[in-house]
Amino acid sequence: MTPQESGRPLVGRSVPRREDRRLVSGRGRFVDDIALPGMLHAQFVRSTVAHGEIMSLDLSAVRRVPGVVAAFSADDLAIGDITAQLARPRSQFVPTAMPVLARDKVRYVGEPLAIVVGLDAYAAEDGLEAARVEYAPLPPVLGEETALADDAVLVHDEAARNTLVDVSLFATDGIDDIFDAAHRVVEVDVTTGRQNALPLETRGAVAHWDDREEQLLLQTCTQVPHQVRTVASRCLRLDERAVRVVVPDMGGGFGQKCVVGREEIAAAAAALRLGRPVKWIEDRKDALSASFLAREQHYRARAAFDTDGRILALDADVVCDMGAYSCYPFTAGIEPLMASAEMPGVYKVPAYRVRGRAITTNKAPTAPYRGVSRPQYVMVVERLFERAARELGLDPVEIRRRNVITDFPYTGVNDITYDPGSYLESLNLCERVVRDEGWYDTRTAAAAEGRHIGIGYACFSERTGYGSSAFAQRKMQVVPGFDISEVRMDTSGAVTVTTGTMSHGQSHETTMAQIVADALGLDIARVRLHQGDTDRVTYGWGTFASRSITVGGSAVRLAAERLGDKLRAIAAALWDTEPEQVELAGGQVCRRGGDGARDVLTHQEIAEVAYLRADLLPKDIEPGLTATATFDVFNDGTFSNATHGVVVELHQDTGQVEILRYVCVEDCGVAIHPQVVEGQCRGGIAQGIAGALYEEVTYDAAGEPSATSFMDYKVPTAQEIPEVSVHHLETPCAFTATGAKGAGEGGTIGAPAAVLNAVNDALRPTGTELDHTPITPQTVHRALNPEPVP
Amino acid sequence: MTDDTLMTPREPQLIALNVNGEQHEVITEARRTLVDVLRHELRLTGTHVGCEHGICGACTVLVDDRPVRACLMFAAQAEGARIRTVESLADGNRLSDLQRAFGEHHALQCGFCTPGFLMLAEGFLAERPEATKEEIREVVAANMCRCTGYQTIVEAIDACATARRRACARACPSKED
C-alpha cells in the first residue's frame, strides 16, 4: 500500500517531482527546442551608444546579406509602444513610453533598433554587421548625482531631473523631535550594485500566425503569459482573442521574465509581416548587457535608539536607478514603493519617515528581481541594528531580540498588518545552532591567531500573498493579485487542473497536484497541471512575488474542493444518502455506513455517471465534472520569515571572503513539499551570496556595460556557494487556503545582509565598516592591509 | 593547407557524426558548432545552450567519453569521435542511476542546466569512480546552475557514486579484502 492509499495527505511530503523525468532525459521542451516548418530566426540591431538621437538607420545592406530574409525598423513595423502606468499624480509618477524598437532616440547600449530575420540565427547575425546607424550622441546620464542635477541632461524629456517616481509615503508627526531627544542616533549610507537575475535559459520566443485558429501563437518564456498577451494584442492591434501566449518549459526567470520584453513583441510583429514563424533566442551577450537588470539602489538611513537599544524611529531616503525605461506592468515604482512600504520589516518601529525615488539613466532598464528591494532594505535595517549594538555595547542578536515583533497580528507604523510569524523563535534557533556548533569559540580562537572570522545574522520577513488590495495600495493602474483555477475530471476519473501561475523551476506540476490529489482523494499520478497557456487558462497573474502557492495554490485548492463537493453529491444521490456521508480518500469514493457497511465506488464510476449517464443525475446536479474558483487576498498579505546566520573568514593576503558556515531557519507556514522549500531557500541564498560578493554590472564613462560575458560577470559556482543547513519552523497562515506563505524569495532577501554583517564583524578590529555590495576582494584587502601612514 | 581546401564559413559540407551509437550524415556550414548541429540538425534538443562561450557548461556532452563544451567545438571537429548526449543516459524508459539520483536529491529545479551536469558527472564518474565528495564539488564547479545552490547536485552525484561502489563491492567480494 502506498502512503497515499493509507489516507495520509500528500501535502507536507516531499513526493517525487512530476517534472523530473522529462528534464533529466533531455525531453523537456524549452523555447529554443521548438522548430516549425518554414521557421525564420531573428536577431536585433542594438545601439552601440548609451544616449543619442538616431540620425539615420540604413538597413539596405542588411537585406542584401546572403541568408537574410527581412529587416525591419520601428517605422517599418509601426507597432504601438509599451507604456507602464501608475495611478499617481504627476508629482509622484511620470509615465514614459518604451517603444518596441527605438524610433528617435537611443537610451542605453543594447537598446534594440531593428529586427533582422534570417534563414537561421547565423545568417541573421551576419546581417547585423551590415546595419548602418548614425547617431548624434548626447551626454550619457549614468549616476544619481548627474541624473538629479538641476541642469541634468534628460533621458526622457517629460521627466524633469530624470525622476520617474518620487513618493514620501510615511512621515510620523514629531519624528525630528524623536531623533533630537534620542539616546543614540546611528546612520548608514548603503549602496548596492546593478545585477542581472540571470536565468540560465536566456529570453526567447517563437511566433507565428495560425490560420486555422485565426490567432497569433506566441510561444515565449515568460512568467506572466496573460500580461504578454495583453501587451501583444494592443501593440499589434489585435483582439486579445486573436493572441494565444503559450509558455513551454522555462529555464528560470527570477523576475527578469515577469515583465513584457520588447523583443518578444517585435518577433511577433515580424512573424505577422512575413507570414512565417519567427524565432528569437537572446544570446548571452545580449542577456548580460541588454536584458532587464536590477538592484542598483542607494539608501541614506538613520535610526534613533533609547538606552536599552530599542528603536525609536527610522528615517530613510531611497534612490533606485531604474535605467532607461519603466517596465510593464510594474513600472519604475516597483523598487522605491516596495522599499518605502516595507522597510520597518520585522521590527517594532514606532516612528517612520521615508522618501523613495526612481531615477532614469542611460543604462539597461530594470525589472523586479527575486526579493525586489528587500535584499537592500533588510541590509540597511540590519546594518543600523548592528551599528547601534556596537555603539550601545549590546550583543547584535540581543538588540534584535528586543526589537522584533512578538505580538500578532501587529499593525506597523507603515500601515501594514503582519500575520503571525516566528521572528523571535527563528532568531533564537539560528543563534543556538551557530553557538552549539562552536563558531563563537572558533572566532575567538582565530582572533588570537590573527585570523579574521566573523559571524553575521539577518532577521527578516518576506511579504507574500499580495492580493489585489495590496497591489492597489501601491496605486498600480494595472492591478495584479487574484488567480483563477479550474479543475476538470474526465470520464476516466483523471483530472486536469489549470493555474494562472507559471512555474520556472518552482515545481508547480508537483505541488499543485499534491493539493488537488488531497482534496479529491485521488492518486497524484492521475492529476495533470496546465499552466502558461492563455487559451487553456482562464486568466492569471503569473508567477512573481512568491504568489504561486499562496494565491494560485489557494485557487487550486478551492476549485478542487468544489469538484470534490460535486463528486460527493453525485455519490450520495447514487447511494441515496447525504453528501456528508461520502468520503474521498485513498483513490476511492467511500460511504461511511452506520452499520459498518462500507460502499465503495471509484472516481471513474462517478465520472461515468456525470458524463455518460446524466439521466441518473438528480435534477439539481448539472452533467459534467468541472469546478472553478477564484482566490484573492483581501488583507495586507502574509509574511513568511527567516533568520540567516553566516560565518565568514577573510583572507589577509587575497581579500577573499570565504563562507565557513551558513544556517537558515525559515518559516513559510505549511510547506507543501519540504524538499522544494529547501531548494528555494538554497537557490535563493546562492543568488543572495552572488549579490553580496560577486555579481555587478558597472558602466564606463561612456555608458558601456562592463559585463558582456561570463568572463566579466562573476556567477558563483559550487566552489563559492557553501552547503546550507535549513531548519523549518511552521506558523500556518490563516489567509491562504493552503496555510502556506510564499517561499520563493527569502533566501535572496536574507543572504546579502547576513554576509555583509559577518564581513563587518570580521573587520571589527580594523575599524573599517563596509556598506556596499558586492564586497570585492579589493575592498576587503584594503581594509585588512591599510597603507602605512607616511 | 592549400588554398583550395579553405572553405568560407557559409559553404556547406558533408560531415559524419557518431552520436549515441548512431551514425548520422549532415550537410551543414563549416562554422556551425557541435551543439547547434546536435540540437537543430539532429533534433537532439536535450543538450542546451547557455552562453556560447564555454563557461556555463549547459552544452556539456561526452566526446570519446570525456566531457566537452559542445558550444566551443565545430561539428566538423567531432567527425570520427564518439559523441554522447543526455538522450543516451536512459535505457528506453528506464532512467539511469545518475538520472534517478538527481530526482531523488532535488538536484534540479528548472532543469535547464541539468543535462550539462548529468553529462559532466557521467564522464567524471567513469574516469574517477572513487571520487570523494570534495572532488565532486570541484568538478561540479565547472558548470553553472542558477536554481539549486549546487549542494543537491553534489549530493546526487556523490550518492550515485557511493551506490555504484557498493554495488561493485557486492558484485566483486574479493576486492573487499
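- Going by an unreviewed UniProt entry, chain B carries the name (2Fe-2S)-binding protein and comes from Streptomyces yatensis.

- By the naming in an unreviewed UniProt entry, chain A goes by Xanthine dehydrogenase family protein molybdopterin-binding subunit and is assigned to Streptomyces yatensis.

1. Some points on the overall build of chain A
- When its secondary structure is counted, chain A shows 21 helices and 31 strands.
- Compactness check: chain A gives a C-alpha radius of gyration of 28 Å against a globular reference of 28 Å for 790 residues, within 12% of the reference.
- Projected onto the principal axes, the alpha-carbon positions of chain A cover approximately 95 × 70 × 50 Å.
- Per-residue burial for chain A yields a buried fraction of 64% across its 790 residues.
- Restricting to contacts in chain A with at least 6 residues of sequence separation, those with at least 24 account for 80%.
- A total of about 27000 Å² of accessible surface is found on chain A, and carbon and sulfur atoms cover 48% of it.
- Seen as two clouds, the 78 positive and the 108 negative side-chain charges of chain A have centres 2 Å apart.

2. Quick notes on the pairing of strand E4 (residues 66–69) of chain B
Residues and elements named next belong to chain B.
- Taken together, the 4 bridges between strand E3 (residues 60–63) and E4 define a ladder with antiparallel strand orientation. Bridge pairing in E4 places Val63 opposite Arg66.
- Remark: 2 residues form the turn of the hairpin made by E3 and E4, two consecutive strands paired antiparallel; Asp64 in that turn has positive phi of roughly 50°.

3. Brief notes about the packing of aromatic side chains
Residues and elements named next belong to chain A.
- Taken as a whole and judged by the stated rule, the model has 15 aromatic pairs over all chains.
- The interplanar angle of 90° and the centroid separation of 5.9 Å between the aromatic rings of Phe44 and Trp280 together place this pair among those described as edge-to-face. Of this pair, Phe44 sits in strand E1 (residues 40–46) while Trp280 sits in strand E14 (residues 278–281), and the two are 236 residues apart along the sequence. Per residue, the accessibility class of Phe44 equals that of Trp280, and both read buried.
- Relative to Trp541, the ring of Tyr539 lies with its centre 6.0 Å away and its plane at 75°, an arrangement referred to as edge-to-face.
- On the accessibility criterion, Tyr539 (21% relative accessible area) is partly exposed.
- Of note, Arg547 hangs over the ring of Phe544, and the distance from its end group to the ring centre comes to 5.5 Å.

4. Thoughts on the environment of B:Arg128
Residue and element names in this part refer to chain B.
- Mapped onto the secondary structure, Arg128 falls in the loop between helix H3 (114–127) and helix H4 (133–140).
- On the basis of relative accessibility, which here comes to 27%, the residue Arg128 falls in the partly exposed class.
- For the pair Arg128 and Gly111, spaced 17 residues apart in sequence, the C-alpha separation works out to 25 Å.
- For Arg128, the side chain forms a polar contact with the side chain of Glu135, separated by 2.9 Å.

5. Observations regarding the environment of A:Thr406
Residue and element names in this part refer to chain A.
- Mapped onto the fold, Thr406 is located in the loop between helix H12 (396–401) and strand E18 (410–411).
- In this structure, the C-alpha to C-alpha distance between Thr406 and Ser422, residues 16 residues apart in sequence, is 7.9 Å.
- Not counting residues up to four positions away in its chain, the partners in contact with Thr406 are Lys348 and Leu424.

6. Observations concerning the pairing of strand E24 (residues 582–585) of chain A
Residues and elements named next belong to chain A.
- Residue alternation in E24 divides its side chains into a buried set, Val582 and Leu584, and an unburied set, Glu583 and Ala585.
- Summarising the sheet, E24 and strand E25 (residues 588–592) pair through 4 bridges and their orientation is antiparallel. Across the sheet, residue Glu583 finds its bridge partner in E25, namely Cys590.
- Hairpin geometry of E24 and E25 is characterised by an intervening segment of 2 residues between the two adjacent antiparallel strands and by a positive phi of about 60° at Gly586.

7. Details of the interface of chain A and chain B
- Taken together, the contact pairs 58 residues of chain A with 50 residues of chain B.
- Three residues stand out in chain A for area buried against chain B, namely A:Val24, A:Tyr122 and A:Leu200, and they jointly supply 18% of the buried area on that side.
- Here A:Glu695 ties to B:Arg146 by a salt bridge, and the two come within 2.6 Å at their closest N and O atoms.
- Remark: the boundary between chain A and chain B carries 27 residue pairs in polar contact (both at pLDDT 80 or more).
- At the level of elements, helix H1 (20–24), helix H4 (121–128) and helix H19 (674–694) of chain A are the ones that each hand at least two residues to the side of chain A that touches chain B.
- No other element matches H19(A), which puts 9 residues into the side of chain A that touches chain B.

8. Concerning the pattern of salt bridges
Residues and elements named next belong to chain A.
- According to the stated counting rule, one finds 74 salt bridges over all chains in the structure shown.
- Here Glu111 ties to Arg262 by a salt bridge, and the two come within 2.9 Å at their closest N and O atoms. One end of the pair, Glu111, is in the loop between strand E6 (105–106) and strand E7 (112–118); the other, Arg262, is in helix H8 (residues 262–274), and 151 residues separate them in sequence.
- For Asp565, the salt bridge goes to Arg568, with nearest N and O atoms at 2.9 Å. Of this pair, Asp565 and Arg568 are both found in helix H17 (residues 548–575), 3 residues apart, which corresponds to roughly one turn of the helix.
- Residue classification places Asp565 among the partly exposed positions, given a relative accessible area of 44%.
- Owing to a relative accessible area of 21%, Arg568 belongs among the partly exposed residues under this scheme.

9. A closer look at the side chain of A:Glu382
All names here are of chain A.
- As for its position among the elements, Glu382 is in helix H11 (residues 374–392).
- Among the polar contacts made by the side chain of Glu382, one reaches the side chain of Tyr347 at a distance of 2.5 Å.
- With near-sequence residues (within four places) excluded, Glu382 lies in contact with Tyr347, Arg400, Tyr457, Ala458, Cys459, Ala753 and Asn757.

10. Structural notes on unusual backbone geometry
Residue and element names in this part refer to chain A.
- With an omega of 5°, the peptide bond running from Tyr328 to Pro329 counts as cis.
- Mapped onto the fold, Pro329 is located in the loop between strand E16 (311–321) and helix H10 (334–342).
- Residue Pro774 is bonded to the preceding Thr773 through a cis peptide linkage, with omega at 0°.
- Note on placement: Pro774 falls in the loop between strand E31 (772–773) and helix H21 (777–784).
- The phi dihedral of Val372 is positive, around 40°, even though this residue is not glycine.
- The topology assignment puts Val372 in the loop between strand E17 (351–359) and H11.
- A positive phi angle, near 50°, is found at Ser546, a position not held by glycine.
- Inspection of the secondary structure assignment puts Ser546 in the loop between strand E23 (527–530) and H17.
- A relative accessible area of 13% means that Ser546 is categorised as buried.

11. A word on the nonpolar core
- Ranked by internal contacts, the top residues of the largest apolar core, which has 218 residues, are A:Ile115, A:Met343, A:Ile689 and B:Phe102.
- It is H11(A) that provides the largest number of residues to this core, a total of 10 residues.
- Among all residues touching A:Met343, those that are not within four sequence positions of it are A:Tyr299, A:Leu314, A:Ala316, A:Val318, A:Tyr352, A:Val354, A:Tyr377 and A:Val381.
- Counting residues in hydrophobic clusters, the runner-up holds 41 residues, among them A:Ile524, A:Val527, A:Ala571 and A:Ala572.

12. A look at the packing of H4(B) against helix H5 (residues 151–171) of chain B
Residue and element names in this part refer to chain B.
- In contact at an axis separation of 9 Å, H4 and H5 are set at 125° when each is read in the N-to-C sense. The angle between H4 and H5 places the two elements in the oblique class. Seen along the crossing, H4 lies across H5 with a hand that is right-handed. Where H4 approaches H5, its residues Lys133, Ile136, Arg137 and Val140 are matched on the opposing element by Gln151, Ile153, Val154, Glu155, Ile157 and Asp158.

13. Some points on the packing of helix H16 (residues 508–520) of chain A against H17(A)
Residue and element names in this part refer to chain A.
- At a minimum axis distance of 8 Å, the contact between H16 and H17 shows a crossing angle of 30°. With respect to H17, the element H16 is oriented roughly parallel. The two elements H16 and H17 cross, and the hand of that crossing is right-handed. Only Ser548, Ile549, Gly552, Gly553, Val556, Arg557, Ala560, Glu561, Leu563, Gly564 and Leu567 of H17 make contact with H16, whose side of the interface consists of His508, Thr511, Met512, Ile515, Val516, Ala519 and Leu520.
- Of the residues belonging to the contact of H16 with H17, the class tally is 10 nonpolar, 6 polar and 2 charged.

14. Describing empty space enclosed by the protein
Residue and element names in this part refer to chain A.
- Under the definition given, this model contains 7 cavities of 30 Å³ or more.
- A volume near 590 Å³ is recorded for the largest cavity.
- Surrounding the largest cavity, 44 residues form its lining, Gln506, Ser546, Gln680, Ala743 and Gly744 being those nearest its centre.
- Elements that contribute at least two residues to the lining of the largest cavity include exactly H10, H16, H17 and H19.
- Residues belonging to the lining of the largest cavity are distributed by class as follows: 22 nonpolar, 16 polar and 6 charged.

Rules and cut-offs
- Residues numbered from 1 in each chain as written.
- Chains lettered and ligands numbered in written order.
- Predicted model: local features only at pLDDT ≥ 70, side-chain atom pairs only at ≥ 80, totals over all residues.
- Heavy atoms only, no water.
- Helix = DSSP H or I, 4+ residues; strand = E, 2+ residues; numbered from the N terminus.
- Rg over C-alpha atoms; globule rule 2.2 N^0.38 Å.
- Buried < 20%, exposed > 50% of the residue type's maximum accessible area, 1.4 Å probe, protein only.
- Contact = heavy atoms within 4.5 Å.
- Areas by Shrake-Rupley, 256 points an atom, 1.4 Å probe, with all protein chains shown as cover.
- Lys, Arg positive; Asp, Glu negative; His and termini not counted.
- Charge placed at Lys NZ, Arg CZ, Asp CG, Glu CD.
- Pairing = 2+ DSSP bridges.
- Phe/Tyr/Trp six-rings, centres within 6.5 Å; stacked < 30°, edge-to-face > 60°.
- Lys NZ or Arg CZ within 6 Å of the ring centre and 35° of its normal.
- Polar contact = N/O pair within 3.5 Å; in protein donor to acceptor, adjacent residues only side chain to side chain.
- Buried area = accessible area lost by both parts, 1.4 Å probe.
- Salt bridge = Lys/Arg side-chain N within 4 Å of Asp/Glu carboxyl O.
- Core = buried A, V, L, I, M, F, W, Y, C linked by side-chain atoms within 4.5 Å.
- Axes fitted to C-alpha atoms, helices over the stretch in contact; angles between N-to-C directions.
- Parallel < 35°, antiparallel > 145°, perpendicular 65-115°, else oblique.
- Left-handed = near helix turned anticlockwise from the far one by under 90°.
- Nonpolar A, V, L, I, M, F, W, Y, C, P; charged D, E, K, R; others polar.
- 1 Å grid on protein atoms, 1.4 Å probe; cavity = no way out; pocket = protein on both sides within 12 Å on 5 of 7 lines; lining within 4 Å.
- Points joined across faces, edges and corners; volume = space filled by probe spheres on them.

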